[in-house]
Structures are given as C-alpha cells and as structure tokens.
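Each chain, written out:
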Amino acid sequence: AGAATPQPPRQYKLAPQSELRVEVLPDAPLRVRLVTGTAEIFGTELPPEGWVPVPPRSKIAIFTWHGATVELDGVSESEYSSDETPMVIYVNTHAILDARRARARAAAAQGGDMEASQGPRVIVVGPTDSGKSTLCKMLLSWAAKLGWKPTYVDLDIGQGSITIPGCISATPIEKPIDIVDGIPLEMPLVYFYGHSSPSINADVYKVLMKELAKTLEKQFSGNAESRAAGMVINTMGWVEGLGYELLLNAIETFKANVVLVLGQEKLWKMLKDAVQSKSNIDVVKLHKSEGVVLRNTKYRQKTRSFRIREYFYGIANDLAPHSNIVNFSHVSVYKIGGGHQAPRSALPIGAEPVADPTRLVAVNISTDMIHTVLAISYAKEPDEIISSNIAGFIHVTDVDIQRKKLTYIAPCPGDLPSRLLIASSLTWYEA
Ligand code: ADP
C-alpha cells in the first residue's frame, strides 16, 4: 500500500489471441489506449482512438484476436500478458448460441410456436471466482455487437453486477457493455431480497426468482425479438448443499436450456446427471481462465460496500446524493419473512410467531436502521410487496426517535416515489 510510485506510459505488443491482464488500484487512475490493431475488454472493443479510463479497483484483460499494441498510462497494481486463455472456447460457445438465436428468429417469422421461437436461455454456474460474471459480459457483448438484445439476469445477491447487492435483477443489453459505465441502468427490473446470503431466507430467494421469471416470461411473450435473443443468467458462487439446490431451482424457474459450468468437473457431472438426462438441457463444461483474480471474503465484503456507495455517488464518484428527512408516519417499513437473522429492531409489531417464511412483517423504525439500505417498493399495497419490483434505494443516515424523523440519502431529490419501504441487512458506512 502507501502512495503509488509513478509509472511512465508504456506500450505492450500483444500477439494474436493473447491478453494483457491489469489490476487497477483503488485510488490511482489508469487509462488504456489502442495504438495499433484491435483489442477488446471482456467482449467490448476498445475504440480505435483515444484514451479509455479503467474504473478503480477493476481487474481486466485486454484481449486481442488478431494482434494489437496497447498503451497504459497511470499506476497499476499489476500488469502482465498471457497467451493462455480460454477465449477460443468461449467464442465458439457464443457462435453456437448465435445459431440458436437465428433459428428462433426464423421460427418466429414462420409463425412457429413459443418453444421454437425461444432463443437460448444460458445459465452460467461455477464456484466463486471462476469468471462467471466475466463470461456473462462477454456472451452479452458479443451478442449485442451482432444486433441481438439478450436479457441479462443476475441472481448473484453477493456481488450484484446490475445494481446493489441483495437484489436479483434483469436488464436488456442492447449494445456491448460500456467499459467505463458497465451494465446500462435505464430499465432494470429489480427484486429486493435484502441480504447478501441466500441462506438467511432461501424461500424468499426462490419466490423472488419466480416473480422475476414470471415478469420476463410476460415480456418475452409480447416481444419476439427479445425472446429470440434469449437470456444470459449469472448465478452465485455457492455450489454446495443449499447453494446447489438453488442452482437447480434457478435452472427450472428460468427454463434454462444451456448450462455452462465453469471450472468444476464435479459440479458439471452432478448437473449433467440431474438435468441433462431428463430434458433437452445442454450441460457444458468450460475452462476457467487463469486470469480470473481470486477475491477473499473480506475483499468481497468491501466490494459489496463499494457497490452500495456507487449507487449513490456514481462509479466515477461523479454523483451527489440528496439528503432528505421524512416523518415516521409518512412511510411504512416492511420486512419479507420472519427469519431469525433479523436485527432486534425488526421484531414484528404484531406479536404472533412467524410461520410462513415469506410472510410480510411491519417493522418499527429504530436507530438500528442507521447505515442500512431500504428499498422503495413499486407495490401499491403492502401485500403486493413480495411480488413487486423496486424503484430504487435509500440509505438511512439518521433516526431521531424523539422527533420521529428518519434522515436518508437518495440519488434523486424530491419525495420518495412510494411510502412502502423494505428493510434489509445491507449496510454501508460512509468513510
Ligand atoms: P465470478 O463471477 O465467478 O465470481 P468474476 O467473473 O467476477 O468471477 O471474476 C473475478 C475477477 O477476475 C473480476 O474482477 C474479473 O474482472 C477478473 N477477471 C476475470 N477474467 C480475467 C482475466 N482474464 N484477466 C484479468 N482479470 C480477470
């Protein structure tokens, strides 16, 4: 750690099918420029001219199919090139998916049924740090480059790539994912689980998956284009026990027809036996890239916290959240499910014991909520909360019990779009 020693700008000449792997520091800016040839970062091409800032803390690979010279400017944590990558296998997988999309589109044009006009629903599974999110990005960007609009579904509540952790969400990808801005956020469909681990209330996690799948199914039935483009589904790295059960559940719920298993022979074998034999789901084993950076629990916790910060302050720290105060009486806070992990504050107002794990409980606003995230529900009535998606999030900065006032920050000024809020165990402490 400490102050980063300056590094002069430097050029790398990359042979065809090799990549430059770079880790960016949290607080030292780094930018990259294409000098000659063509290169891409996780499926998105570098522009032919100009510097591209690489977001802080990111770990990237600049890959070239046909050879390139690239230049780095700024201090990095590490940088090295490698010609051992699984990219050819990945792009071949993309080609197979692309053919299926074309087939689905042709079937739709000929008035084919729902089954025939459905493009690939790909689910990417594997242990943590096997490169799942990265493979999803590549498959999406390559498809978008060809004009498809696949739907990205992120079921990873630990390290959400669409919005803050604790959510499951989906969004259409209409162009290659921007290197700087990431996944587009204009129209994500977000369901709020509120914790970073599914074991806290796996039943709620399952119900939310069902709700998300139901909504997507509805959208697909009225949109042949997104139906043919299909889905790319990212999952959690928890692949044992309950984690495995939830994977099976996700495959079934989203009607996945291609399962890509990264970096674990055993998981591949198990899933193959469990699903391929019974249906026409392809379970494919793929190599993991040696470039995938291992992140320990503490690091993952930190990134979770940064993701929450980013929601309010922007990736480039270029947004200014708005601080607001509401009276307790103006909002109603609920919690989905009566799990035991709830903070003391979240005890139900009604006294009866909670039997239904997906039951909605009203919670009292208390000082325990300070530093936590609350989701704003689109529900009109409390009993619609579990089946409704989320408008956005607020971060509680203060609770004044005496005056019955809650202070929070939100990305936008003005009134809350709804009075129905969902409590969570997601916290973020402003440094
Ligand atoms: P998972 O989703 O399986 O947990 P990720 O796809 O998020 O894994 O990868 C873990 C980290 O490794 C991410 O920061 C990602 O950007 C980085 N990464 C993935 N592939 C490469 C690569 N080829 N070179 C350098 N970094 C990589």
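Just so you know, these numbers come straight off a predicted model, no measurement behind them. (Residues numbered from 1 in each chain as written. Predicted model: local features only at pLDDT ≥ 70, side-chain atom pairs only at ≥ 80, totals over all residues. Heavy atoms only, no water.)

## As for the nonpolar core
Thought 1: Grouped together as the largest cluster of nonpolar side chains are 60 residues, with contacts concentrated most on Leu155, Leu212, Phe254 and Phe393.
Thought 2: If you tally residues by element for this core, the top one is helix α3 (residues 202-221), at 9 residues.
Thought 3: With residues near it in sequence (within four places) discarded, Phe254 still touches Arg121, Val153, Leu155, Met209, Leu212, Ala213, Leu216, Met231 and Ile233.
Thought 4: Core analysis: the next-biggest nonpolar cluster, separate from the first, contains 43 residues, Val22, Ile62, Cys136 and Ile183 among them. (Core = buried A, V, L, I, M, F, W, Y, C linked by side-chain atoms within 4.5 Å. Buried < 20%, exposed > 50% of the residue type's maximum accessible area, 1.4 Å probe, protein only. Helix = DSSP H or I, 4+ residues; strand = E, 2+ residues; numbered from the N terminus. Contact = heavy atoms within 4.5 Å.)

## Points about unusual backbone geometry
Thought 1: You will see that Lys255, though not glycine, has its phi angle at about 50 degrees, which is positive.
Thought 2: Following the sequence through the fold, Lys255 ends up in the loop between α5 (242-253) and β15 (258-262).

## Some details on the pairing of strand β16 (residues 282-286)
Side-chain direction in a regular strand flips from residue to residue, so the side chains alternate between the two faces of the sheet.
Thought 1: As judged from the 5 bridges shared by β15 and β16, these two strands associate in the parallel manner. Pairing of Leu260 across the sheet is with Val284, part of β16.
Thought 2: For the handedness criterion, the β-α-β arrangement of β15, helix α6 (residues 265-276) and β16 is classed as right-handed. (Pairing = 2+ DSSP bridges. Right-handed = clockwise from strand over helix to strand, strands pointing away.)

## Topic: the site of the ligand
Thought 1: The environment of the ligand is made up of 18 residues, and the closest members are Glu19, Lys59, Ser133, Thr134 and Arg295.
Thought 2: The backbone of Asp129 places a nitrogen or oxygen atom 3.0 Å from an oxygen atom of the ligand.
Thought 3: Within the backbone of Gly291, a nitrogen or oxygen atom sits 3.2 Å from a nitrogen atom of the ligand.
Thought 4: Elements with a minimum of two residues in the shell around the ligand: β2 (18-24), β7 (59-64) and α2 (132-145). (Near = heavy atom within 4 Å. Polar contact = N/O pair within 3.5 Å; in protein donor to acceptor, adjacent residues only side chain to side chain.)

## Here we look at the packing of α3 against α5
Thought 1: In the contact formed by α3 and α5, the axes pass within 10 Å of each other and the chain directions differ by 20 degrees. Compared by their axis directions, α3 and α5 come out roughly parallel. Along this stretch, α3 crosses α5, giving a crossing that reads as right-handed. For the pair formed by α3 and α5, the contact residues are Ala202, Tyr205, Lys206, Met209, Lys210 and Ala213 on the first element and Leu242, Glu245, Leu246, Asn249, Ala250 and Thr253 on the second.
Thought 2: Each residue belonging to the contact of α3 with α5 can be placed in one class, and the counts come to 7 nonpolar, 2 polar and 3 charged. (Axes fitted to C-alpha atoms, helices over the stretch in contact; angles between N-to-C directions. Parallel < 35°, antiparallel > 145°, perpendicular 65-115°, else oblique. Left-handed = near helix turned anticlockwise from the far one by under 90°. Nonpolar A, V, L, I, M, F, W, Y, C, P; charged D, E, K, R; others polar.)

## Section: the layout of surface pockets
If you roll a probe as big as a water molecule over the atoms, it shows you where there is empty space left.
Thought 1: Empty space within the second largest pocket amounts to approximately 480 Å³.
Thought 2: Taken together, 15 residues form the lining of the second largest pocket, with Glu115, Ala116, Gln118, Gly119 and Asn257 sitting closest to its centre.
Thought 3: The greatest single-element share of the lining of the second largest pocket, amounting to 3 residues, is contributed by helix α1 (residues 87-109).
Thought 4: When the residues that make up the lining of the second largest pocket are grouped by side-chain class, the tally is 4 nonpolar, 4 polar and 7 charged. (1 Å grid on protein atoms, 1.4 Å probe; cavity = no way out; pocket = protein on both sides within 12 Å on 5 of 7 lines; lining within 4 Å. Points joined across faces, edges and corners; volume = space filled by probe spheres on them.)

## Some remarks on empty space enclosed by the protein
Thought 1: Applying the stated criterion across every chain yields a total of 1 cavity of 30 Å³ or more.
Thought 2: Empty space within the largest cavity amounts to approximately 40 Å³.
Thought 3: Residues of the lining of the largest cavity, tallied by class, amount to 6 nonpolar, 1 polar and no charged.

Interpretation note: all reported values are geometric properties and have no functional meaning in isolation.
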